[in-house]
Amino acid sequence: MKKAWLLAAVAAFALTGATEAKTLKWGAAREIASLDPYSYGETFTLAVLNHVYEGLVRYTGDLKIEPALAESWETVSPTVWRFKLRQGVKFHNGNPFTADDVIASLARVTHETSPLKGNLPAYKSSKKIDDHTVEIEVNGPYPLLLNDLTNIFIFDKEWMEANNSLLPTDSGKGVKGYATDNANGTGPFKVESRRADAKTVFVKNPGWWDKPKHNIDVIEFSPITSSSTRVAALLSGEIDYTNVAPLQDLPRLAASPDVKVMQTNELRSVFFALNLGDKLIESDVTGKNPFKDIRVREALYRAIDIDAVHKRAMRGLSRNTGALVAPAIPGYEPSQDERLPFDLNGAKKLLADAGYPNGFSFQINCQSDSLVNEEEFCQAVAAMWARAGLKPNLSMAPRSQQTPKRVKGEFDVISFGWANEPMIDAYSILVQVLHSKSGTSGVFNWGNWGDPRIDALIDKAGVELDTPKRVALMREALKIAKQEQLFIPLHQQPMAWAMRNTVASTVQASDNKPRLWLTVMK
Amino acid sequence: MPAFLFKRLLNAAGVMLAVAFLAFLIFRFVGDPVELMLNEQASQQQRDELRVRLGLDKGFVLQYATFVGNAVRGDFGISYRNQQDVFTLISERFPATFELVLVATFLSLAVGVPLGVYTAIRRDSFVAKSLQFVSVLGVSLPSFALGILFILIFSVTLQWLPAFGRGEVVQIGWWSTGLLTASGRKALILPGITLSLFQITLVMRLVRAEMLETMRTDFIRFARARGLPSRAVHFGHALRNCLMPVITVTGLQIGNLIAFALVTETVFQWPGMGMLFVQAVTFVDIPVMAAYLIVVSFIFVTLNTLVDLTYAWVDPRLREDALTGGANAR
């Protein structure tokens, strides 16, 4: 005990003696689930823990895959990948990083009780070749293994053994874990202390294998749920940086001489999805589903004045889109980004042609706490559809209440957002949303909008290892969806970071993940 | 007395069981945790497996029975979201809420009692009338608006006090306290005032009403007739006679304060139980929500039972009423 005090005193002295420590105070919109990246499949938690833990590969600031804990890789056969691991990497506790750590981590994350199992869907087994070579076998030819591995973080096997954490925590059996409150990774920062809901402190890892581009010594992470409080904390200098600056406060923040705002568009594309089942659930049309008529779908599309949505509901910050995926996603095709023009009379004529000159009623299911300004754009679009002669009925409620109805297909129209994270590839939306419900595909095909031509293309893309061919297949599938007007695209939603002038530069990518190891302070 | 005690405890247990049932019933309709726990990549099979693992596929009665059985043993399960023991989670957050409530209670007495005395003694003065008027505003102004107003004035403009958090805390055993550090005490001021404002007006109005009542009684008149100075009459005699109901109400209000700290905690990012509950609602973390409701109701029921028992101990008539059922007529 005495020794610890002495060490602390020496450390404190060393800190004050050296040039002052650079501390970045980060005010986030919410708390991370835990210190265990495998405990909860949430992109934000993974993004924060990426400062502590690393995967075999990682995304660069412009979302390209680059080597991290693996130095290189090759495919031995269509189903076997061989990874050469980086040598001389040490965990925060000083243990060396070896092939055993990779195998134990993969076993843990793919264990049947692991909440993160879905992030590595193709995994079959792994094998140690030597201390710094690992082979991973997948279920079948699978082109997206590297994408998935960017978010599979590597634990230290010895540390997990010593703390009885080789298996994931399990809420069903009441198994909790040491890793929930403790961390030991290889990343650029170490966890120094954690008080959930209050403050988590990360300090620089001096032994990091990579050459640091940042100059931060300490990160103090505090969740501040209330957005007005977060803005106030930034204005008063209590935090240096927030990764969620509320859109309505951006002008005010930008007007402050000490604060700068970084604004761009997310990967997440927002669109309306229609129920294409046999009948609508809340409508004066009975016995058939008007949405099955492409003319009706086109009428809905043409009736949306997207510029008005952009200007009013999204405060001029969204990016209008005609495509289902954002430009940064492989599978994006500029020609698909063209929208059908806004044409109110054309919409009315299409409705009349389809046999609904007086329109019909239906329900729009929107969520009050999910997408950016969802309430505003849903209201705007509902009003536009009403102007075209339809009778939309807007149902607005929190995500926790709307989700069960959406999953069960109890809706006529829903607002829908898809970011293709963490894999950052159009395959994500294709297999999960566009594919017909069958086997493991089409989990989010809530409105029965499948098409056999699209399914065939997706299935082919799922086993095609040649990237250009694969992307072409995905583009073809997305093109059919566009021709059929299966969905009504709106925009890529805006995202904004705000920081005080203590922050000199940072990298803001459209996946909305803070990468403080690329951040420089003044 | 033992029979009365037994009856009161039985009542309390019945209330708790009903609360547990309601808590459970409500959460059946809150939403589906599985959809919020898994990310975009998870397949249908994984969704189904998780549902089975969480016991959500079982019938309602079975789920409720399991829940009550475990709760009685103090086991509220594991949080769906962060996989920690729920009871530990709540007990870690309890000190923060308790200290906030303590400060709010202290403020409400320290400010409310003198104001109440003043408005009673000088009830026709302009100041007293203004105070009465302002207190109505204090009751009707929602605490989140008040909190944000305080933050704008004292954090952003004047930069005197922190806008969020608890400052530095000192850990004493399992209890964490912010009272022992300067930054911790500073952080308590704004949320403390925000939470206490309603309470201050309540105490003030109560003291005023009681004082006016007492001042009309004979013994005050006699005291005056004896030529005692008005300070002694007001504080020594009148106020002392008013304090019993004030203390009772303050005690009962502690439960309310704990429950309503939720809003204040959200505004000031105060890491207490309310904050935990709000987060749990966002992520449909049913075990945490259920446990929170039960813990808060438990505090309510305990305080009420204690007050009843104390009254019965002081006033034997109440005991007999309770046993014969006459107490229900109150």
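Residues numbered from 1 in each chain as written. Chains lettered and ligands numbered in written order. Predicted model: local features only at pLDDT ≥ 70, side-chain atom pairs only at ≥ 80, totals over all residues. Heavy atoms only, no water.

A. A look at the overall build of chain A. Looking only at helices and strands, chain A features 15 helices and 19 strands. Here chain A has a C-alpha radius of gyration of 25 Å; the compact-globule value for 522 residues is 24 Å, and the two agree. C-alpha atoms of chain A, sized along the principal axes, occupy 85 × 60 × 45 Å. Counting all 522 residues of chain A, 59% fall into the buried class. (Helix = DSSP H or I, 4+ residues; strand = E, 2+ residues; numbered from the N terminus. Rg over C-alpha atoms; globule rule 2.2 N^0.38 Å. Buried < 20%, exposed > 50% of the residue type's maximum accessible area, 1.4 Å probe, protein only.)

B. Focus on the side chain of A:Thr321. Residue and element names in this part refer to chain A. By secondary structure assignment, the location of Thr321 is in the loop between strand E13 (319–320) and helix H10 (344–353). With a relative accessible area of 1%, Thr321 lands in the buried category. Reaching out from Thr321, the side chain makes a polar contact with the backbone nitrogen of Ala323 at a distance of 3.0 Å. The contact partners of Thr321, leaving out residues within four places of it in the chain, are Asp337, Arg339, Pro489, Leu490, His491 and Gln492. (Polar contact = N/O pair within 3.5 Å; in protein donor to acceptor, adjacent residues only side chain to side chain. Contact = heavy atoms within 4.5 Å.)

C. Here's a closer look at a nonpolar patch on the surface. Residues and elements named next belong to chain B. Nonpolar side chains collect at one region of the surface, where Leu149, Leu152, Ile153, Leu158 and Trp160 lie side by side and expose about 460 Å² of accessible area between them. Structurally, the position occupied by Leu149 is in helix H7 (residues 143–157). Exposure remark for Leu149: the relative accessible area of 45% places this residue in the partly exposed category. (Patch = residues over 30% accessible without salt bridge, like charges linked within 9 Å, V, L, I, M, F, W, Y side chains within 5 Å. Areas by Shrake-Rupley, 256 points an atom, 1.4 Å probe, with all protein chains shown as cover. Salt bridge = Lys/Arg side-chain N within 4 Å of Asp/Glu carboxyl O.)

D. Quick look at the nonpolar core. Grouped together as the largest cluster of nonpolar side chains are 165 residues, with contacts concentrated most on A:Leu56, A:Trp385 and A:Leu434. Counting residues per element, this core draws most heavily on strand E17 (residues 487–500) of chain A, which supplies 8 residues. In contact with A:Trp385, other than residues within four places in its own chain, are A:Phe272, A:Leu300, A:Ala303, A:Ile304, A:Phe362, A:Ile364, A:Leu390, A:Pro392, A:Val413 and A:Ile488. With 43 residues, the next largest nonpolar core counts B:Leu89, B:Ile90, B:Ala104 and B:Leu188 among its residues. (Core = buried A, V, L, I, M, F, W, Y, C linked by side-chain atoms within 4.5 Å.)

E. The arrangement of the side chain of A:His214 in detail. Residues and elements named next belong to chain A. Within the secondary structure, His214 sits in the loop between strand E9 (199–204) and strand E10 (218–223). There is a polar contact of 3.0 Å between the side chain of His214 and the backbone nitrogen of Ile216. Sequence-distant contacts of His214, that is, excluding residues within four places in its chain, are made with Pro188, Phe189, Lys204, Leu516, Trp517, Leu518 and Thr519.

F. A look at the interface of chain B and chain A. Of the residues lining the interface, 49 residues belong to chain B; the matching set on chain A comes to 63 residues. Summed over both partners, the interface of chain B with chain A buries about 4700 Å², with 51% contributed by carbon and sulfur atoms. In this assembly, chain B and chain A are joined by 2 salt bridges. Taking the shortest distance from any N to any O, the salt bridge between A:Asp197 and B:Arg93 comes out at 3.3 Å. Where chain B touches chain A, the interface holds 7 residue pairs in polar contact (both at pLDDT 80 or more). (Buried area = accessible area lost by both parts, 1.4 Å probe.)

G. Structural context of helix H11 (residues 374–387) of chain A. All names here are of chain A. For H11, spanning 14 residues, the distance from its first C-alpha to its last is 20 Å, which sits close to the expected 20 Å at 1.5 Å a residue. Within H11, the full set of buried residues consists of Glu374, Phe377, Cys378, Val381, Ala382, Met384 and Trp385. End-on view of H11: buried residues confined to an arc of 160°, all on one side of the axis. Gly389, located one to two residues past H11, shows a positive phi value of around 100°. (Expected span 1.5 Å × (residues − 1). Arc of directions from axis to C-beta.)

H. Region of interest: the sheet that holds strand E4 (residues 70–77) of chain A. Residue and element names in this part refer to chain A. Pairing within the open sheet is antiparallel, and its 4 strands lie in the order E4-E5-E7-E6. Pairing within the sheet leaves two strands with one partner each, and these edge strands are E4 and strand E6 (123–130). Looking at each pair of strands side by side, their axes are set apart by 20° on average, direction ignored. Pairing geometry for E4 and strand E5 (residues 80–85), over 6 bridges, is antiparallel. Bridge pairing links Thr75 to Trp81 in E5. Together, E5, E6 and strand E7 (133–138) form the strand contacts of helix H3 (residues 99–109), whose direction differs from that of E6 by roughly 170°. (Pairing = 2+ DSSP bridges. Axes fitted to C-alpha atoms, helices over the stretch in contact; angles between N-to-C directions.)

I. Here's a closer look at the state of the cysteines. All names here are of chain A. For the structure shown, the criterion picks out 1 disulfide over all chains. Between the sulfur of Cys366 and that of Cys378 lies a disulfide, 1.9 Å long from S to S. Handedness of the Cys366-Cys378 disulfide follows from its S-S torsion of about -80°: it is left-handed. Within this pair, whereas Cys366 is found in strand E14 (residues 361–367), its partner Cys378 is found in helix H11, the two being separated by 12 residues in sequence. As far as the burial class goes, Cys366 and Cys378 line up, both buried. (Disulfide = S-S within 2.5 Å.)

J. Structural context of unusual backbone geometry. Residues and elements named next belong to chain A. Each neighbour pair has its own omega, and for Glu421 with Pro422 the value is 0°, a cis peptide bond. You can see Pro422 is positioned in the loop between strand E16 (413–418) and helix H13 (427–434). In this structure, Asn448 takes a positive phi of about 60° despite not being glycine. Along the chain, the position of Asn448 falls in the loop between H13 and helix H14 (452–461).

K. Inspection of the environment of A:Pro115 at higher detail. All names here are of chain A. Of note, Pro115 is situated in the loop between H3 and E6. Overall, the relative accessible area of 13% leaves Pro115 in the buried class. Considering only alpha carbons, one finds Pro115 and Glu20, 95 residues apart in sequence, at a separation of 41 Å.

L. Focus on the packing of aromatic side chains. Residue and element names in this part refer to chain A. In this structure the tally under the stated criterion is 35 aromatic pairs over all chains. Their ring planes at 65° and their centres at 4.9 Å tell us that Tyr38 and Phe155 sit as a pair that is edge-to-face. Of the two residues, Tyr38 sits in the loop between strand E1 (23–28) and helix H2 (43–49) while Phe155 sits in the loop between helix H4 (145–149) and helix H5 (157–162), which places them 117 residues apart along the sequence. In this structure Tyr38 comes out as buried when scored by relative accessible area, which is 1%. Here the aromatic rings of Trp449 and Phe487 are separated by 5.1 Å at their centres, their planes lie at 70°, and the arrangement is edge-to-face. One end of the pair, Trp449, is in the loop between H13 and H14; the other, Phe487, is in strand E17, and 38 residues separate them in sequence. For Trp449, a relative accessible area of 1% gives the class buried. Accessibility expressed as a relative area gives 4% for Phe487, which makes it buried. Members of the aromatic cluster, connected to one another through ring pairs, are Phe271, Phe416, Trp418, Phe444, Trp446, Trp449 and Phe487. Taking NZ or CZ as reference, Arg108 lies 4.9 Å from the ring centre of Phe155, over its face. (Phe/Tyr/Trp six-rings, centres within 6.5 Å; stacked < 30°, edge-to-face > 60°. Lys NZ or Arg CZ within 6 Å of the ring centre and 35° of its normal.)

Everything listed is a geometric property; what it means functionally is a separate question.
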